[in-house]
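# A look at the structure
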Amino acid sequence: PSLRIETRFAQDSLDSTHPSPNLMSVVDFIFYSLGAVCAYLAYKTNPFKQAPESSPSFVSFQRNYVFVFLVMMGSDWLQGPYVYALYASYGYAKEEISTLFIAGFGASMVFGTIVGSFGDTIGRKKTCILFGILYTLSCFTKHFSNFYVLMLGRLLGGVATSLLFSVFEAWMVCEHNEQRFAPSLLGGTFSQAYFCNSIVAISAGLVGQWAARTFSNGEGDNLVAPFDCAAILLTIGTTVVALTWMENYGNKTSPFLEQMQMASTVIVQNQEVVIAGACQSLFEGAMYTFVFMWTMSLEAAAERADMGPIPHGYIFSCFMVSCMIGSCLFKYLSAKLELTSLLSYVVGVAALGLLPAAIGAEYFGFTILMIGFCVFEGAVGCYWPLIGEIRSAVIPEECRSTIMNFFRVPLNLIVVIVLFNISKLSNQFVFRFCVTLLGVSAYLATILHIPERGARPIEVQELDNSASG
């Protein structure tokens with residue numbers, strides 16, 4: 001998620017003119033409209049309202065997890081706006097910076113998958129602590145301008161990112177089941193976490209900007225300061241994990257290679273795991289590709305209309321409010337629809353949001369393009385808690401962390417391929433590629449079948465028995 005603003009912060013500092021009044025009136029209207037819708041939905045759905053079946057012990061557990069999740073995500077959001085700008089300030093060319101970004105995704109794809117499996121064998125709590133250590137070290141490398149030290153930081157950050165989006169969720173789902181909390185409460189935890197995550201993202205942007213300017217050395221913003229703030233958050237989050245979380249495992253008796261083999265067997269034997277993983281990889285591959293493309297697309301649309309430079313931070317806030325709307329809608333829609341049906345609708349809406357850019361931005365103009373992107377971000381906000389609940393239903397507990405990291409391999413591969421070729425591809429072609437990925441993901445969602453809510457989580461032994469039977 002932090003990639004949303006990595007490549008555009010530097011551009012803000014280069015804008016010597018201000019957006020035109022016409023452009024600002026459009027963005028103002030969209031922002032305030034979204035804010036009104038978000039406030040209404042938040043009031044009606046109340047993401048913080050506890051279900052009747054929740055107990056004091058569950059509320060305590062949920063608050064603890066959501067706090068840790070938001071602190072760790074906050075550390076990620078803090079870094080996002082400044083990575084590209086920091087590398088540029090050290091004098092590196094666009095090609096060298098691109099190499100660093102590709103290395104991060106490559107590390108997440110290869111090493112992240114390996115390290116992520118540790119959560120099932122050595123313990124999810126220990127692996128969450130490992131995440132805090134790795135990401136803190138990655139922040140520390142930003143104090144050095146040496147290319148190879150920065151490369152090490154990207155490698156550490158890539159591995160840490162894989163852990164952030166797998167082992168924390170794996171720990172929460174396992175602990176939720178071990179404490180025998182009602183399965184229906186899982187969706188509320190996901191919804192609350194991702195609703196607040198959008199607020200944290202906006203707040204992190206403000207805190208990062210404050211830190212960069214407050215600790216300036218008089219020669220411009222201190223671009224390392226936000227990374228130091230991120231390290232502080234990582235220290236807080238890791239300490240809370242170490243002191244308050246209980247350890248849980250997937251299958252701690254299995255050696256590393258046996259654990260990888262078990263996860264591979266589950267993927268081969270369980271069609272639903274394969275389909276869910278494909279839906280996730282295709283959707284998130286399109287999402288991360290969008291991250292690199294929206295700035296160029298909106299800038300080109302504004303330039304054609306002679307609107308001047310776009311307000312990147314303001315637009316980012318519109319996107320985050322859209323995500324909050326999606327999170328609120330998840331809580332309402334998940335009570336009305338089957339999860340698989342909801343997933344197909346959400347992914348379909350995401351594709352529709354990118355359709356104007358795929359057809360051709362020159363045919364629609366800035367306003368339609370911006371509205372479409374906000375629709376896409378709204379779908380993203382609904383997608384995150386939705387896919388979390390689906391994963392909790394289809395992935396066996398014994399290899400949850402390992403399989404979740406397997407899911408990230410294709411999406412990282414998609415991003416690496418796009419990054420390698422992005423300078424050769426038109427905006428229109430890339431968005432058509434994204435819509436195609438989303439279309440396939442939406443179709444797969446229609447053939448996905450998951451256990452009924454409240455059913456006991458599937459176990460690897462059951463898959464072995466069904467396969468042999």
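You'll find the structure just up there.
Residues numbered from 1 in each chain as written. Predicted model: local features only at pLDDT ≥ 70, side-chain atom pairs only at ≥ 80, totals over all residues. Heavy atoms only, no water.

So, on to the overall build of the protein. What the protein contains, in helices and strands, is 19 helices and zero strands. Against the 2.2 N^0.38 benchmark of 23 Å for 469 residues, the protein shows a C-alpha radius of gyration of 21 Å, consistent with a compact globule. Its C-alpha atoms give the protein principal-axis dimensions of about 65 × 45 × 45 Å. For the protein, buried positions account for 58% of its 469 residues. Taking as baseline every contact in the protein between residues at least 6 positions apart, the subset at least 24 positions apart corresponds to 87%. A total of about 18900 Å² of accessible surface is found on the protein, and carbon and sulfur atoms cover 64% of it. (Helix = DSSP H or I, 4+ residues; strand = E, 2+ residues; numbered from the N terminus. Rg over C-alpha atoms; globule rule 2.2 N^0.38 Å. Buried < 20%, exposed > 50% of the residue type's maximum accessible area, 1.4 Å probe, protein only. Contact = heavy atoms within 4.5 Å. Areas by Shrake-Rupley, 256 points an atom, 1.4 Å probe, with all protein chains shown as cover.)

Right, let's get into the environment of Tyr-32. With respect to the helices and strands, Tyr-32 occurs in helix α2 (residues 21–45). Classification of Tyr-32 as exposed rests on a relative accessible area of 57%. The spacing of Tyr-32 and Met-320 is 288 residues in sequence and 13 Å in space, taken between C-alpha atoms.

For helix α16 (residues 365–394), built from 30 residues, the straight-helix expectation of 44 Å at 1.5 Å per residue is met to within 8% by its first-to-last C-alpha distance of 42 Å. A maximum bend of about 30° is found in α16 at Tyr-383, where proline Pro-385 lies one to four positions downstream. (Expected span 1.5 Å × (residues − 1). Bend = angle between axes of the 7 residues up to and from the residue.)

For the rest of this paragraph, the subject is the packing of aromatic side chains. Scanning the entire structure with this criterion turns up 34 aromatic pairs. Judged by centre distance (6.3 Å) and plane angle (45°), the rings of Phe-58 and Phe-61 are tilted. With a gap of three residues between them, Phe-58 and Phe-61 both fall in helix α3 (residues 56–79), about one helical turn apart. Taking relative accessible area as the criterion, Phe-58 reaches 1% and is therefore assigned buried. (Phe/Tyr/Trp six-rings, centres within 6.5 Å; stacked < 30°, edge-to-face > 60°.)

The next subject is the pattern of salt bridges. Considering all chains together, one arrives at five salt bridges under this definition. Notably, a salt bridge pairs Arg-124 with Asp-120, separated by 2.8 Å at the nearest N-O pair. Taken individually, Arg-124 and Asp-120 each receive the classification buried, so the pair is uniform in this respect. The closest approach of N and O atoms between Lys-126 and Glu-247, which form a salt bridge, is 3.1 Å. Placement of Lys-126 in helix α7 (residues 124–141) and of Glu-247 in the loop between α11 (225–244) and α12 (256–269) is noted, with a sequence separation of 121 residues between them. It is possible to trace a salt-bridge network through shared partners that takes in Asp-120, Arg-124, Glu-397 and Arg-400. (Salt bridge = Lys/Arg side-chain N within 4 Å of Asp/Glu carboxyl O.)

Bringing the nonpolar core into the picture now. One recurring pattern in soluble globular proteins is that nonpolar side chains are buried together. If you look at the biggest cluster of nonpolar residues, it comprises 159 residues, and the most contacted ones within it are Phe-168, Phe-366 and Phe-373. Excluding residues within four positions of it along the chain, Phe-373 makes contact with Phe-290, Trp-294, Ser-297, Leu-298, Phe-319, Gly-353, Leu-354, Ala-357 and Phe-431. (Core = buried A, V, L, I, M, F, W, Y, C linked by side-chain atoms within 4.5 Å.)

Here we come to the environment of Phe-101. Considering the arrangement of structural elements, one finds Phe-101 in helix α5 (residues 94–116). Assessed through its relative accessible area of 4%, Phe-101 is described here as buried. Taking the C-alpha atoms as reference points, Phe-101 and Ser-264, 163 residues apart in sequence, are found 28 Å from one another.

What follows covers a nonpolar patch on the surface. Judged by side-chain polarity, Val-349, Leu-352, Leu-355, Ile-359, Tyr-363, Phe-364, Ile-368, Ile-371 and Val-375 come together as a nonpolar surface patch covering roughly 780 Å² of accessible area. Counting residues per element, the ones that place at least two in the nonpolar patch are α15 (339–360) and α16. Positionally, Ile-359 belongs in helix α15. (Patch = residues over 30% accessible without salt bridge, like charges linked within 9 Å, V, L, I, M, F, W, Y side chains within 5 Å.)

Turning our eyes to something else, we now look at unusual backbone geometry. One non-glycine residue, Asn-46, adopts positive backbone phi at about 45°. Within the fold, Asn-46 resides in the loop between α2 and α3. Look at Asn-46 and you get partly exposed, because its relative accessible area is 29%. For Asp-306, which is not glycine, the phi torsion reads 55° and is therefore positive. Examined against the element boundaries, Asp-306 turns out to sit in the loop between α13 (271–304) and α14 (312–333). Given the relative accessible area of 68%, Asp-306 is considered exposed.

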